[in-house]
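Letter by letter, the chains look like this.
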Amino acid sequence: MQALLRLSRIIDTFTEWVGRLAYILVPIVVAVGVWNVANRYVGRAIGRTLGSNFYIEAQWYIFSLIFLLGAAYALKHNEHVRVDVFYSNFSPKRKALVNLLGTIFFLIPFCGLLLYFSWPYVEQSWRIRENSSDPGGLPRYLIKTFLLISPMLLIIQGISEVIKYFAAYRGLLDPSQVEEEHETRL
């Protein structure tokens, strides 16, 4: 079990780095958004078009990357949506069991389905080197690749969560330790 807990820590460290990358993208998407708005208003004031589809699509793509890369980070920090009607009153051991079963029977299979159904879509996009239909737009096949990367990151982090929740449920890890790990931030 100690080897699995070490693997869990390695996965958690990797997820932290991916989360930091997503975190770095936040001010970039804001800057691109400000650039788009400024170009629109300045262009309107001087009677010229200053914006381009490149910057508009760049803003969409960066926002998408933040969401797609940040999903596993949110899972690691227990920031996903949960209906706490019953869960909030459960003991830490029972919470670990619910989280363990939810990860095994819902999260991982759902991510597997995302991979299965996204693969042909992404593969076709790469095969034709899909680009935006808008003039000056960006390649689409690159961003579509993250439709595969995001569920893979979620599965990897889900494995880490399964290890921790199993150890907590079996009494090999203090359930409050798992909760404390979820509270750790960048």
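Provided above is the structure to which this section pertains.
What counts, and where the lines are drawn
- Counting restarts for each chain: residues are numbered from 1 in the order of the written sequence.
- The predicted nature of this model means local features are confined to residues of pLDDT at least 70 and side-chain atom pairs, given and counted, to a pLDDT of 80 or more, with totals for whole chains, interfaces and linings taken over all residues.
- Only heavy atoms go into the side-chain values, all of them from the structure, while hydrogens and water stay out.
- Segments assigned H or I by DSSP are reported as helices when at least four residues long, segments assigned E as strands when at least two residues long, and all are numbered from the N terminus.
- Both definitions apply: the radius of gyration is a C-alpha atom measure, and the globule rule equals 2.2 Å times residues to the power 0.38.
- Summary of the burial criterion: residues with accessible area below 20% of their type's maximum are buried, those above 50% are exposed, and those between are partly exposed, where the area comes from a 1.4 Å probe applied to protein chains only.
- Pairing of aromatic rings covers Phe, Tyr and the six-membered ring of Trp, with a centre-to-centre limit of 6.5 Å; geometry is then stacked below 30 degrees between planes, edge-to-face above 60, and tilted otherwise.
- Consider the ring centre and the ring normal. A charge sits over the ring if Lys NZ or Arg CZ is within 6 Å of that centre and within 35 degrees of that normal.
- Each helix should span, by expectation, one fewer than its residue count multiplied by 1.5 Å.
- Axes here refer to lines fitted to C-alpha atoms; in helices the fit is confined to the stretch in contact. Angles between the N-to-C directions go from 0 to 180 degrees.
- Orientation is classified from the angle alone, with under 35 degrees giving roughly parallel, over 145 giving roughly antiparallel, 65 to 115 giving roughly perpendicular, and any other angle giving oblique.
- Note: crossing handedness is left-handed where the near helix turns anticlockwise from the far helix by less than a right angle, and right-handed where it turns clockwise.

Points about the overall build of the protein
(1) Moving on: Across its full length, the protein carries seven helices and zero strands.
(2) Moving on: Along the protein, helices and strands appear, N-terminal first, in the series α-α-α-α-α-α-α.
(3) Moving on: A globule of 186 residues ought to have a C-alpha radius of gyration of about 16 Å, yet the protein, at 21 Å, is considerably larger.
(4) Moving on: Each of the three principal axes of the protein carries a C-alpha extent, and together these read 70 × 35 × 30 Å.

Looking at unusual backbone geometry
(1) Moving on: Look at N78: it is not a glycine, yet its phi comes out positive at around 55 degrees.
(2) Moving on: Structurally, N78 can be placed in the loop between α2 (53-76) and α3 (84-87).
(3) Moving on: Looking at N78, the relative accessible area reads 19%, which means it is buried.
(4) Moving on: Its identity as a non-glycine residue notwithstanding, R129 has a phi of 50 degrees, on the positive side.
(5) Moving on: With relative accessibility at 45%, the residue R129 sits in the partly exposed group.

Things to note about the packing of aromatic side chains
(1) Moving on: Applying the stated criterion to the full structure yields four aromatic pairs.
(2) Moving on: A centroid spacing of 4.9 Å and a plane angle of 85 degrees characterise the contact between Y116 and F117, whose relative ring orientation is edge-to-face.
(3) Moving on: Its relative accessible area of 58% is what places F117 among the exposed residues.
(4) Moving on: The interplanar angle of 70 degrees and the centroid separation of 4.6 Å between the aromatic rings of W126 and Y141 together place this pair among those described as edge-to-face. Within this pair, whereas W126 is found in helix α4 (residues 92-127), its partner Y141 is found in helix α5 (residues 140-144), the two being separated by 15 residues in sequence.
(5) Moving on: Through a chain of ring-to-ring contacts, three or more aromatic side chains come together here, namely W35, F54 and Y55.
(6) Moving on: Sitting above the plane of the W17 ring, R20 keeps its charged end 5.2 Å from the centroid.
(7) Moving on: One cation-aromatic arrangement involves K93 over Y169; the distance from NZ or CZ to the ring centre is 5.5 Å.

Describing helix α6 (residues 146-169)
(1) Moving on: Its 24 residues place the ends of α6 33 Å apart at the C-alpha level, agreeing with the 34 Å of an ideal helix rising 1.5 Å per residue.
(2) Moving on: Immediately beyond the C-terminal end of α6, within one or two residues, lies G171, with a positive phi of roughly 85 degrees.

Concerning the packing of helix α1 (residues 2-46) against α2
(1) Moving on: In contact at an axis separation of 8 Å, α1 and α2 are set at 155 degrees when each is read in the N-to-C sense. As the angle between them shows, α1 and α2 are arranged roughly antiparallel. Note on packing geometry: the crossing formed by α1 with α2 is left-handed.

Geometric values such as these leave the question of function open.
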